[in-house]
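# Residue-level structure breakdown
Residues per chain are reported as follows:
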Amino acid sequence: MDKALEIFASRFTPPVVDAGGVGRSAICIPSLTGSADAFLATTLATRHALVLAITPGIPDAERLADDLRLLTAKLPHRILELPPMLADDRSALGLRLKTIAAIRAWELNPYPCVVVASFPALATPIPKNPVSGLEIMMKGEQLSSFTFTSFCSRLAELGYRRVPQVTDVGEYSVRGGIVDAWGPGEEFPVRAEFFGDDLESLRTFNPATQTSIEQIDKVEVVPTREGMSDEGRGMRMTLLDLLPKDTVILALEHNSYSLSSLIPHPSSLIPHPPSLIPHPSSLVP
């Protein structure tokens, strides 16, 4: 697969086009077949580090993200997804929060990365001042940053609802020195066991049987909402406002949506003919 990507990159040289004078390069593709879009996004990430791949719809974004994960399984690339924020969809909320946090931290330690977002997801605003999550670690200096009491208080601040027993996402419970919490986007809830203010163990558990699944070294407890409830006008922005200026925008099937609502001067974006892009099936490692 590495050889195929090398051949693909040697046959494709993307144009450097200024996206509306904001220092970003952009490539507009009317149509691609098969996994050519995944090969293209991976190649761009290899060369330019951070790529935003825009698809016309949600199923297209999910399919592209799956293809990218298969393609980059043995590469240092990271694939991030930004789903639209649908009502009461806590899994989507968790994924959005993790992606937004990863993008905010990307410039501190750049790496090859593709952010996949559908046009509807880009239309969903994100908060300028998001609620910060909490990372719990079994080892390291993080242990001294919170106590049993402050951890419970922080869960309430993050929007978790206290219940006698955790059975759903967004809930937490306290029994003696045991704190259970189920964060958005997580398959299983986590159980933190304290002895006084010291964290003794951290593990996931089955909410149906309340039995432990496996020991873990750390967990990121994300908020149950994107931003503060009292956010006023002007306190929200789009993903494009958050991305670093040297991000490469890959607009796939751009004829299916309006670029003018995403980029200040879409006329400055030159469509790249798909006929000039090699198809992965023609690549022989």
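Heads up: the structure comes first, above all this text.
Residues numbered from 1 in each chain as written. Predicted model: local features only at pLDDT ≥ 70, side-chain atom pairs only at ≥ 80, totals over all residues. Heavy atoms only, no water.

## Things to note about the overall build of the protein chain
- Secondary structure assignment for the protein chain yields seven helices and 15 strands.
- Every one of the 285 residues in the protein chain was classed for burial, and the buried ones make up 48%.
- Across the protein chain, contacts joining residues at least 24 apart in sequence account for 68% of those joining residues at least 6 apart.
- On the protein chain, roughly 14,000 Å² of surface is accessible, and the fraction owed to carbon and sulfur atoms is 53%. (Helix = DSSP H or I, 4+ residues; strand = E, 2+ residues; numbered from the N terminus. Buried < 20%, exposed > 50% of the residue type's maximum accessible area, 1.4 Å probe, protein only. Contact = heavy atoms within 4.5 Å. Areas by Shrake-Rupley, 256 points an atom, 1.4 Å probe, with all protein chains shown as cover.)

## Here we look at the pattern of salt bridges
- Taken as a whole and assessed by the stated rule, the structure comprises 10 salt bridges.
- For the salt bridge of D66 with R69, the shortest nitrogen-to-oxygen distance reads 3.9 Å. Note that D66 and R69 are positioned in helix α3 (residues 58-71) at a spacing of three residues, about one turn of the helix.
- Take D66: its relative accessible area is 46%, and that puts it in the partly exposed class.
- We note a salt bridge from E186 to K98, for which the minimum N-O separation is 2.4 Å. (Salt bridge = Lys/Arg side-chain N within 4 Å of Asp/Glu carboxyl O.)

## What to know about the sheet that holds strand β11 (residues 198-205)
- An order of β7-β8-β9-β10-β11-β12 is seen for the six strands of this open sheet, with the pairing classed as mixed. The open sheet terminates on both sides in strands that have one partner only, identified here as β7 (161-162) and β12 (212-215).
- Inspection of the sheet shows strand β8 (residues 171-175) paired to strand β9 (residues 178-181) by four bridges, in the antiparallel sense. The residue bridging V174 from the neighbouring strand is V179, located in β9. (Pairing = 2+ DSSP bridges.)

## Remarks on the packing of helix α2 (residues 36-48) against α3
- Closest axis-to-axis distance for the α2/α3 pair is 9 Å, and the angle between their directions is 60 degrees. In terms of orientation, α2 and α3 fall into the oblique class. Regarding α2 and α3, the two cross each other, and that crossing is right-handed. Note on element contacts: α3 touches α2 through R63, L64, D67, L68 and L71, opposite D37, A38, F39, A41 and T42.
- Here the contact of α2 with α3 is composed, by residue class, of six nonpolar, one polar and three charged. (Axes fitted to C-alpha atoms, helices over the stretch in contact; angles between N-to-C directions. Parallel < 35°, antiparallel > 145°, perpendicular 65-115°, else oblique. Left-handed = near helix turned anticlockwise from the far one by under 90°. Nonpolar A, V, L, I, M, F, W, Y, C, P; charged D, E, K, R; others polar.)

## Looking at the side chain of S201
- The topology assignment puts S201 in strand β11.
- A polar atom in the side chain of S201 sits 2.9 Å from the side chain of R203. (Polar contact = N/O pair within 3.5 Å; in protein donor to acceptor, adjacent residues only side chain to side chain.)

## Observations concerning α2
- Given a rise of 1.5 Å per residue, 13 residues ought to cover 18 Å, and the 18 Å separating the end C-alpha atoms of α2 matches this to within 8%.
- Along α2, 10 of the 13 residues are buried, which leaves the element largely enclosed by surrounding structure.
- Positive backbone phi, approximately 75 degrees, marks A49, located one or two places after α2. (Expected span 1.5 Å × (residues − 1).)

None of the figures reported here should be taken as evidence of function without further support.
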